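One letter stands for each residue in the lines below.
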Amino acid sequence: MANELLRELGNPSPPIDPYWVALESGYKVAYGDCRGAAGMAYKIPHKPQNRYSIFISDKPNLSFPEDTIYRRDRWTLAHEIAHIKMHAHYDWATTRSRPNDDEINNKLEVEANWFASRLLMPDYAFTSVLDLTPAAVVAKFDVNRSAAEKRLKNLDFKVRNRLTEEVALFFHWKHEELRDEPMPDNEIFMMEVAAATEVDEEVRFCSKCQGIMMRDMFGHICFICGQYEFLHTE
């Protein structure tokens, strides 16, 4: 549903503004007392169509940095938009009094978090292999690191494969051109690669052609032949 909503809005470029999404959807957004919650959504019965208001807590945890609080509010708003888009058919006034309250609410929260992650970090906005690092996702999508790490963990394999295959094809195409030029000192080259891609891990050599390999979240890719080697986890 998040993909459909973004498509209706013209697939906006990141970072996506959930306040704008809410307003475009006809929802009112305000800060207020959320009784200990990070945010709350209210359904206001109205004919011919119900109206909705979203409140974000005006009592943030001030022990966190300001940018963390700001990003948390963005996530909370996306999460509440999800409840409206996905769960408006529930009787919100009585859901909390049902015997299986915990089971229902846990399911709704998981679904809302899933929606929020796809709304703020949509598949179509992952356009480079460098987007596959938590630091890049934080900077590009304006989310907190924990949200970035979870999104990468659950990123569609089709998206990940497309990005890594594009890099592999590029370096395969550039193979002869790269071979024609004298290779720089390995130590210096490895330092430059790590700095350019903001990778802290040691760069290693390809088992196929002995070229320099760059580390990403799931393995290493060779700059020369394009071979990809997955990490071995126990």
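Residues numbered from 1 in each chain as written. Predicted model: local features only at pLDDT ≥ 70, side-chain atom pairs only at ≥ 80, totals over all residues. Heavy atoms only, no water.

Participant: Sorry, what's going on with the nonpolar core here?
Facilitator: Nonpolar side chains in soluble globular proteins tend to end up buried together. Ile81, Met121 and Phe126 are the most contacted members of the largest nonpolar core, which totals 41 residues. Counting residues per element, the ones that place at least two in this core are helix H1 (2–8), helix H2 (18–24), strand E3 (51–57), helix H3 (66–87), helix H5 (101–120), helix H6 (134–141), helix H7 (145–153) and helix H8 (157–173). Ranked by residues supplied to this core, first place goes to H3 with 7 residues. (Core = buried A, V, L, I, M, F, W, Y, C linked by side-chain atoms within 4.5 Å. Buried < 20%, exposed > 50% of the residue type's maximum accessible area, 1.4 Å probe, protein only. Helix = DSSP H or I, 4+ residues; strand = E, 2+ residues; numbered from the N terminus.)

Participant: Looking at this structure, how should I read the packing of aromatic side chains?
Facilitator: Note on aromatic pairs: each is described by the distance of the centres and the angle between the planes. Under the defined criterion, the tally for this structure stands at 3 aromatic pairs. For the pair Tyr27 and Tyr52, a centre-to-centre distance of 5.8 Å together with 75° between the ring planes defines the contact as edge-to-face. One end of the pair, Tyr27, is in the loop between H2 and strand E1 (28–32); the other, Tyr52, is in strand E3, with 25 residues separating them in the sequence. Taking relative accessible area as the criterion, Tyr52 reaches 11% and is therefore assigned buried. Ring geometry for Tyr42 and Phe55: centres 5.7 Å apart, planes at 85°, overall edge-to-face. Placement of the pair is Tyr42 in strand E2 (residues 39–44) and Phe55 in strand E3, with a sequence separation of 13 residues. A relative accessible area of 29% means that Phe55 is categorised as partly exposed. (Phe/Tyr/Trp six-rings, centres within 6.5 Å; stacked < 30°, edge-to-face > 60°.)

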